[in-house]
Amino acid sequence: MIRVEDVTIGYGERIVMSGVSFEVRRGEVFVILGGSGCGKSSLLKNLIGLQKPMKGRILVGGRDVAAAEGDERQALLRSFGVMYQSGALFGSLTVHENVRLPLDEFTDLSLRQRDVLAHTRLKMVGLGHAGRRMPSELSGGMKKRAAIARALALDPPLVFLDEPSAGLDPVTSAGLDALILDLARNFGITFVVVTHELLSIFAIADRCVMLDASRKTLVAEGKPRTLADSSEDQAVLRFFRREAEGAQTDRSQPK
Amino acid sequence: MPASATGIEVGKAQDGGAFVSLTGALDVRTVGAARRDLVVKLAGVLTEPLSVDASGLDSADVSGMVVLWELANGLVVPGVRATISGLRPELEAILATYPSPDEVEAAISSPAESAGIHSLGRGALSIVADVRAMVEFVGALTSALVAGLRRPRAMRWPEVLRVVEKAGVDAFPLVSFVGLLVGLIIAFEAAQPLKQLGAEVFVADAIGIIVIRELGPLITAIVIAGRSGPALAAELGMMKVNEELSALETMGLDPLRFLVVQRVVAGTLLAPVLTLYSVALGVAGGCIVMGMLGYPFAVTWAHLQGAVHPADLLVGTTKGVVFGTLVAGLACLRGLQAGDGPAAVGEAATSAVVSGIVSVFTADALFAVLTYVLKI
C-alpha cells in the first residue's frame, strides 16, 4: 500500500532523517513512533504529499507522491484521508457539515444521500448526537473523532492519523484506539498512525517503525511487542520501557 | 484508474412485483451514476413488491451502500420499501450502521427559529450587556492608567514604543496619502461654487477650517480604527485564545495593567501626532489646488492665517487625543472579549473596527455640540 524507499527528509540545510525505508501492507494498522522531535510529523507530511523528500521516493498505491501532479495528484489525495493532530475541523461549519464537506465537493450524490452518509460516519465514531454542534463546542477527544469521521467520508482505503491520542485522558484514548481497530477490522482500512503513546501502540499496532532523533534515521521495524521484548537497540528498549537515561522514574516501585 | 460501473438489471418478478439485480462495484465513485440509472430503469415497471438481489456485488463501501439504504427505506421509488437479499455479511454490517431516515432528519434539522420578539429581547439584552462591559472596562482601565501614571517607571515603555511603531509609524504612508487627497478634494469641490460667487480665494479659508477642525482628525481616526484597531484586537484576541491572558492572571499580573494600558497610552500619544501630520498634508493639498487656480502661495497663506485660530488647532488636536484613546481602548476591549478559536479572533478584529468608527463619529458629534455651546 505504501513503500518508502531510502528517503531523506529535511528543511533547507538541516537533515531531519535519512536512509529511511519501510513498507506498509494493505489492511494493517501501522504505527510510526519515536520520541519528541524525531521527525514523525515531518515523515507524515512527506507521506501525504505536503512536503517532498530531499532524496528517495514514497509510493502510495504504486504512485510516487512527490512526482504526482494535476489530476493524478488530485486522485492520489482523494485515495487517503488524514486526521490532523488538532482535528483541523473548519470552525465556521457544524460538525455535520465538516464531515459532509468532502462529499459535497467530490461526489455527485444528492443532498439527502450526503446527509445520510455524513450522519452515518458520525454515528460510526460515536458522535451521532453532535452533528449540529460547532467544532468549538466539542471536547478534544470529540474533535479527533469528528476529524476521523471526516477523513473517512470518501471511503478511502488508507487513513493517516497524526497523534490521535495526544492530550487525551486514558479512557478517551482507549476509546479512540478501539474505534481505530474497529474501522480497520470491519472496513479493511489501512491506518498509518503517528504516535508516541505506548498504550496506544500496544493496543492498535500490527507493526511499527521507530525513528530516533539522535541518529536521525529509522532504528527499528517490527511488531511492537517483539521490539519491546527482544530488541537489541538500547534506544528502542529505553523507549518501550519508558526509561530516561540513568533515571528511575517509577515511583510505584518499592525502594 | 477508471471506476468499474455497477451493473443494474431490472425485471418483473414471478410474484408480480419487480426485482433489481446488482453486480460489479457499488462504491463512492459509482454510486451516483448507479442511483440515476436505477431510477430510469425502475420507471415504468410495476415496482411493488420490490426485491433487490445484491449477491452479485463484487465490492462495495459505506458510500455505495447508501443506494441500498434508500431502496430499503422507500426513498428511490416513493413509498415502496425494497427487500434486500444476498448481501455479504460485512456489507450487511455496514448497512446496519445506517441510521433511520427520521434519525437523520432529527440530527441535521435546525432548531425552530425563535419568534421575532425573542430575538428583539436578546438583541436588547446583548446591547445592555455590551454597554455594561464597556462601563466596567472604562472604570478598570482608568484605574490602571492612574496607577501607571503614578508610577511611570513601572510602565512598560518599550511595549508602548513597539505599539506606537506598529500602529503609528507604519500608518504614516496611508495617512499621508489620505490626508493629501482630502485637502485636494475639498479644495476642488469648494472652488466651483465659490467661483460662481466670485469668492474663489476663500477656498483657502474653507480648507483651513474644514481640514483642521473636522476632516483631519476624523479621517486620521478612521484610518487608525481601520488599520491599527483590528491589529490590536487580533493581537489580544490571539493571546486570549492561546491562554496567555490566563497565564498572566495566574501569575498575579493584571492583563489591563500589563497589556492594555500600554496600548491605550500608545494610541493616545500617537493619534494627535498623526492628526497634525494629516492636517498639514491636507492643507498642503489645498495649497496645491490654490496654486493651480492661479493664487500665489502668499495669498493662500494670508487667508489661512486669517481663517484659522489657535482654538481650531486646539480642537483638532484634542479630537485626535480623544479619538485615539477611544479607538485603542475599544480595540483592546474587543480583543479581551474574544471567544474561543481562531474564528473569534477575526470576529474581535471586525468588532473593533465597527466599535472604533461608531465611537469616533459619536464623539465627533458631541464635540460639534460642545464647541457650539462653548463658542470655540
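Remember, it's a predicted structure, so these values are computed and weren't measured experimentally.

A. Inspection of the interface of chain B and chain A at higher detail. In this assembly, 25 residues from chain B lie in contact with 21 residues from chain A. Note on chain B versus chain A: buried area summed over both sides is about 2100 Å², and carbon and sulfur give 61% of it. For the interface between chain B and chain A, the tally reads three salt bridges. A salt bridge links E103 of chain B to K123 of chain A; the shortest N-O distance between them is 3.9 Å. Residue assignment for the side of chain B that touches chain A shows that the elements contributing at least two residues are α1 (31-42), α2 (66-72), α3 (89-97) and α4 (101-108) of chain B. Grouping the constituent residues of the side of chain B that touches chain A by class yields 15 nonpolar, five polar and five charged.

B. Up close: the confidence of the model for chain B. All names here are of chain B. When pLDDT is averaged along chain B, the result is 87; 97% of the residues meet or exceed 70. In the model of chain B, helix α9 (residues 244-250) stands out as the element of lowest mean pLDDT, 83, in contrast to helix α12 (residues 310-336), which has the highest, 93. Taken over the whole predicted complex, pTM reads 0.69, whereas the ipTM for its chain interfaces reads 0.78.

C. Structural context of the packing of helix α5 (residues 140-151) of chain A against helix α6 (residues 170-187) of chain A. Residues and elements named next belong to chain A. Two elements in contact, α5 and α6, have axes separated by 10 Å at closest approach and are oriented at 10°. Comparing the axis directions of α5 and α6 gives the class roughly parallel. Taken as a pair, α5 and α6 cross one another with a handedness that is right-handed. Within the contact between the two elements, α5 uses G141, K144, R145 and I148 and α6 uses T172, G175, L176, L179 and L183. The residue makeup of the contact of α5 with α6, split by class, is four nonpolar, three polar and two charged.

D. Highlighting the packing of helix α8 (residues 203-241) of chain B against helix α11 (residues 297-307) of chain B. Residues and elements named next belong to chain B. Running from N to C, α8 and α11 point in directions that differ by 45°, and their axes come no closer than 8 Å. Relative to α11, the element α8 lies oblique. Viewed along their axes, α8 and α11 form a crossing whose handedness is right-handed. Facing α8, whose interface residues are A204, D205, G208 and I209, α11 presents T300, H303, L304 and A307. Counted by class, the contact of α8 with α11 contains four nonpolar, three polar and one charged residues.

E. Expanded view of the nonpolar core. With 45 residues, the main nonpolar core has I148, F191 and F240 of chain A as its most contacted residues. The leading source of residues in this core is α5 of chain A, at six residues. Ignoring any residue separated from it by four or fewer positions in sequence, one finds I148 of chain A in contact with M83, V125, L161, L176, L179 and L183 of chain A. Formed by 42 residues, the second largest nonpolar core is a distinct cluster that contains A167, L218, L236 and A266 of chain B.

F. Seen up close, the sheet that holds strand β5 (residues 63-64) of chain A. Residue and element names in this part refer to chain A. What the four strands build is an open sheet, ordered β2-β1-β4-β5; its pairing is antiparallel. In the strand order of this sheet, the two ends are held by β2 (14-24) and β5, each with one partner. Bridge count between strand β1 (residues 2-11) and strand β4 (residues 55-60): five bridges; the pairing is antiparallel. Note on β4: the bridge partner recorded for T8 is K55.

G. Up close: the side chain of D205 of chain B. Residues and elements named next belong to chain B. Structurally, the position occupied by D205 is in helix α8. For the buried residue D205, which engages in no salt bridge, the nearest side chain bearing the opposite charge is R213, 13 Å off. There is a polar contact of 2.9 Å between the side chain of D205 and the side chain of H303. Other than its neighbours up to four places away in sequence, D205 contacts H303 and A307.

What counts, and at which threshold
Residues numbered from 1 in each chain as written. Chains lettered and ligands numbered in written order. Predicted model: local features only at pLDDT ≥ 70, side-chain atom pairs only at ≥ 80, totals over all residues. Heavy atoms only, no water. Contact = heavy atoms within 4.5 Å. Buried area = accessible area lost by both parts, 1.4 Å probe. Salt bridge = Lys/Arg side-chain N within 4 Å of Asp/Glu carboxyl O. Helix = DSSP H or I, 4+ residues; strand = E, 2+ residues; numbered from the N terminus. Nonpolar A, V, L, I, M, F, W, Y, C, P; charged D, E, K, R; others polar. pLDDT = per-residue confidence, 0-100. Axes fitted to C-alpha atoms, helices over the stretch in contact; angles between N-to-C directions. Parallel < 35°, antiparallel > 145°, perpendicular 65-115°, else oblique. Left-handed = near helix turned anticlockwise from the far one by under 90°. Core = buried A, V, L, I, M, F, W, Y, C linked by side-chain atoms within 4.5 Å. Buried < 20%, exposed > 50% of the residue type's maximum accessible area, 1.4 Å probe, protein only. Pairing = 2+ DSSP bridges. Lys, Arg positive; Asp, Glu negative; His and termini not counted. Polar contact = N/O pair within 3.5 Å; in protein donor to acceptor, adjacent residues only side chain to side chain.

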